Amino acid sequence: MRISVIGLGYLGAVHAASMAKLGHDVVGVDVDAAKVDALAAGTPPFYEPGLGELLTEVSATGRLQVTTDLSAVRGAQVHFVCVGTPQRADGYAADLTYVDAAIQNLTAHLSAGEIVVGKSTVPVGTAERLAEVVRRAVPGAHLAWNPEFLREGFAVQDTLSPDRIVYGVPGGEAAVTVTAALDAVYEAPLSTGIPRIVSDLPTAELVKVAANSFLATKISFINAMAELCEVAGADVTQLADAIGHDARIGRRFLNAGLGFGGGCLPKDIRAFMARADELGAGEAVAFLGEVDAINIRRRVRMVELAREVLDGSITGKRVTVLGASFKPDSDDVRDSPALDVAARLSELGAVVTVHDPQAIDNARAKQPRLHYERDLEAALAGADAVLLLTEWRQYRDLDPERVGTLVAQRTILDGRNALSRTAWTDAGWQYRALGRR
Ligand code: UGA
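Everything quoted here is computed from the prediction, not taken from an experiment.

Across its full length, the protein holds 18 helices and 14 strands. Taking 22 Å as the expected radius of gyration for a compact globule of 437 residues, we find that the protein reaches 23 Å, a close match to that expectation. With respect to the three principal axes, the spread of C-alpha positions in the protein is 70 × 50 × 40 Å. Within the protein, counting contacts between residues at least 6 apart in sequence, those at least 24 apart form 72% of the total. Total accessible area computed for the protein in this model is approximately 18,200 Å², and 52% of it derives from carbon and sulfur atoms. Charge centroids of the protein, computed over 44 positive and 55 negative side chains, lie 3 Å from each other.

Where burial is concerned, the two faces of strand β13 (residues 411–414) agree: the one with T411 and L413 and the one with I412 and D414 are both buried. Strand direction decides the pairing type here: strand β12 (residues 385–388) and β13, joined by 3 bridges, are parallel. From the neighbouring strand, V386 faces β13, where its bridge partner is I412. Pairing geometry for β13 and strand β14 (residues 430–433), over 4 bridges, is parallel. Counted as the bridge partner of L413 is R432 from β14. You can see the chain leave β13, run along helix α18 (residues 421–426) and come back into β14, and the turn it takes is right-handed.

Attention now moves to the side chain of E152. Topologically, E152 is positioned in the loop between β6 (142–145) and α6 (155–160). Polar contacts involving the side chain of E152 include one to the side chain of R334, which spans 3.3 Å. Setting aside residues no more than four positions away along its own chain, E152 makes contact with Y10, E48, F326, K327, S330, D332 and R334.

One recurring pattern in soluble globular proteins: nonpolar side chains tend to sit buried together. Counting 41 residues, the largest nonpolar core has V5, L8, L51, L64, F80, L182 and Y186 as the members making the most contacts within it. For this core, the leading source of residues is helix α1 (residues 12–21), giving 6 residues. Here F80 is in contact with I3, S4, V5, I6, H15, M19, V117, K119, N146, L182, V185 and Y186, once residues within four sequence places are set aside. Membership of the second largest hydrophobic core comes to 30 residues, among which are V321, A338, V341 and V352.

With that settled, consider the pairing of strand β10 (residues 351–355). By the criterion of burial, β10 is predominantly enclosed, with 4 of the 5 residues buried. Taken together, the 5 bridges between strand β9 (residues 318–322) and β10 define a ladder with parallel strand orientation. Across the sheet, the residue bridging to T320 is T353, located in β10. Tracing the backbone out of β9, into helix α13 (residues 337–347) and back to the parallel element β10 gives a crossover that is right-handed. Note: β10 against strand β11 (residues 371–372), 2 bridges, orientation parallel. Considered in β11, the bridge of T353 is made with H371. A crossover connection joins β10 to the parallel β11 through helix α14 (residues 360–366); in handedness this β-α-β unit is right-handed.

Running from N to C, helix α9 (residues 201–232) and helix α12 (residues 287–309) point in directions that differ by 50°, and their axes come no closer than 9 Å. By the angle between their directions, the pair α9 and α12 is classed as oblique. Viewed along their axes, α9 and α12 form a crossing whose handedness is left-handed. Contacts between α9 and α12 pair S213, A216, T217, S220, N223, A224, A226, E227 and E230 from the former with F287, L288, V291, I294, N295, R297, R298 and R301 from the latter. Each residue belonging to the contact of α9 with α12 can be placed in one class, and the counts come to 7 nonpolar, 5 polar and 5 charged.

What follows concerns unusual backbone geometry. Here D311, not a glycine, exhibits a phi torsion of approximately 60°, which is positive. Note on placement: D311 falls in the loop between α12 and β9. A relative accessible area of 72% places D311 in the exposed class.

With that settled, consider the packing of aromatic side chains. Under the criterion given, the structure shown has 5 aromatic pairs. Arranged with centres 6.4 Å apart and planes meeting at 20°, the rings of Y167 and Y186 form a pair that is stacked. Here Y186 lies in the loop between α7 (174–185) and α8 (187–191) and Y167 lies in strand β7 (residues 165–169), a separation of 19 residues in the sequence. Y186 matches Y167 in its accessibility class, with the two residues each being buried. An angle of 70° between the planes, with centres 4.9 Å apart, marks the rings of W424 and W429 as edge-to-face. Given a relative accessible area of 2%, W424 falls into the buried group. With relative accessibility at 4%, the residue W429 sits in the buried group. An aromatic cluster is present here, built from F80, Y167 and Y186 joined pairwise through their rings. Sitting over the face of the ring of F154, R151 holds its NZ or CZ atom 4.3 Å from the ring centroid. The ring of Y92 carries the charged tip of R270 above its face, separated from the ring centre by 5.9 Å.

As assigned here, the protein comprises domain 1 (2–199) and domain 2 (298–433). The straight-line distance from the C-alpha centre of domain 1 to that of domain 2 is 37 Å. The interface is formed by 7 residues belonging to domain 1 together with 10 residues belonging to domain 2. Taken together, the connections running from domain 1 to domain 2 amount to 1 salt bridge. Its salt-bridge partner being R334, residue E152 comes within 3.3 Å of it at the nearest N-O pair. Taken together, the connections running from domain 1 to domain 2 amount to 5 residue pairs in polar contact (both at pLDDT 80 or more).

The rules behind these values
Residues numbered from 1 in each chain as written. Predicted model: local features only at pLDDT ≥ 70, side-chain atom pairs only at ≥ 80, totals over all residues. Heavy atoms only, no water. Helix = DSSP H or I, 4+ residues; strand = E, 2+ residues; numbered from the N terminus. Rg over C-alpha atoms; globule rule 2.2 N^0.38 Å. Contact = heavy atoms within 4.5 Å. Areas by Shrake-Rupley, 256 points an atom, 1.4 Å probe, with all protein chains shown as cover. Lys, Arg positive; Asp, Glu negative; His and termini not counted. Charge placed at Lys NZ, Arg CZ, Asp CG, Glu CD. Buried < 20%, exposed > 50% of the residue type's maximum accessible area, 1.4 Å probe, protein only. Pairing = 2+ DSSP bridges. Right-handed = clockwise from strand over helix to strand, strands pointing away. Polar contact = N/O pair within 3.5 Å; in protein donor to acceptor, adjacent residues only side chain to side chain. Core = buried A, V, L, I, M, F, W, Y, C linked by side-chain atoms within 4.5 Å. Axes fitted to C-alpha atoms, helices over the stretch in contact; angles between N-to-C directions. Parallel < 35°, antiparallel > 145°, perpendicular 65-115°, else oblique. Left-handed = near helix turned anticlockwise from the far one by under 90°. Nonpolar A, V, L, I, M, F, W, Y, C, P; charged D, E, K, R; others polar. Phe/Tyr/Trp six-rings, centres within 6.5 Å; stacked < 30°, edge-to-face > 60°. Lys NZ or Arg CZ within 6 Å of the ring centre and 35° of its normal. Domains from an automatic or database assignment. Salt bridge = Lys/Arg side-chain N within 4 Å of Asp/Glu carboxyl O.

Okay, structure coming up:
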């Protein structure tokens, strides 16, 4: 099929390359010329494992074109809209400027029979409103919503082999046309037995925010237990293992620590609360306010813990922060808990050195006043305390003996419960973690 992908960020770039891998002829469009140039050269414009290899593979087939010229989408049967819906500057609601503009601009190049497919995460009700925009501008064109569930760090795998595929389709005869078109797009993954759910437009929009709200709630639940463990002298990692054995609960996404960040979970739960309020159902998701509050409290607690181990005063102390991205295997620093803690410590007068395997450039753009060090051993040298805030593999594999020869004080705060407490205490380290004695 001939497919267009509008917006080539973390979602769209992977989606465009994956659609080409599935055998489709893809044109990707973005307003950012630097991003387009990088992709055209087969270079990922951000860090995502496997994306470089995928781009090389599909570039060789000639099935992926990228451009800043929106008119290049003409003739595509399906147009995926993958632009961002960040949190608005003036409140919790989602900023729909980019989605609205993308679809409005797209209508100038659309023909009857073509299908616009939204993938961006939007407040429920947006798709029906935009379906009307498309119908009015181009009679015979349709709009569907096909939410995306990929995780950064696993984006290629999650796109080519998702847990499920959800189509929100319009009512009436258009439902058949749209479903058939999306079935053709996803023929290869569907043939492997991946579940497909076809719903109306609002259900598809809600599936996405419900999934992210559930995940955020699961993380904040275990972090609330961590708060209890801290005051009761218990251990949240053992608690998580024990309750996680119950298949109804499950151990995944039950890792206590510094909590969730990124471009999705935090803004999605806030936008959900804002939208529910608009619909007069704010009470139904008021608990998400608590989920958000528990999450932010972990960052505050981390700073308190640093103060405790630094003998009550942060000012002038040398603190090494390991990790700046919001999670390992990503260079994304949007709402990063690690970077937030680093900035808070710096504001309190600590001399903070931040290391990250991939995210230093993005972190510097966001927090230019922090000191960054690309060499891990240089970053650790002379530290009064080391804070592991993003659990990259290379930090989990650190040798406590070797690191002990570099720092000024053998004090480590494990913000992700990612290290072996025994290994570090055996090497003479003071080891502290969130939710543990
Ligand atoms: C999340 C969802 O997991 C995806 O399904 C969804 O498609 C995506 O948002 C989106 O809406 O686009 P992502 O933001 O890549 O994906 O990151 P997650 O893997 O969900 O992690 C989010 C945050 O939770 C990270 O900061 C991570 O460190 C934290 N986390 C995760 C925990 O603190 N504990 C856990 O047990 C798991």
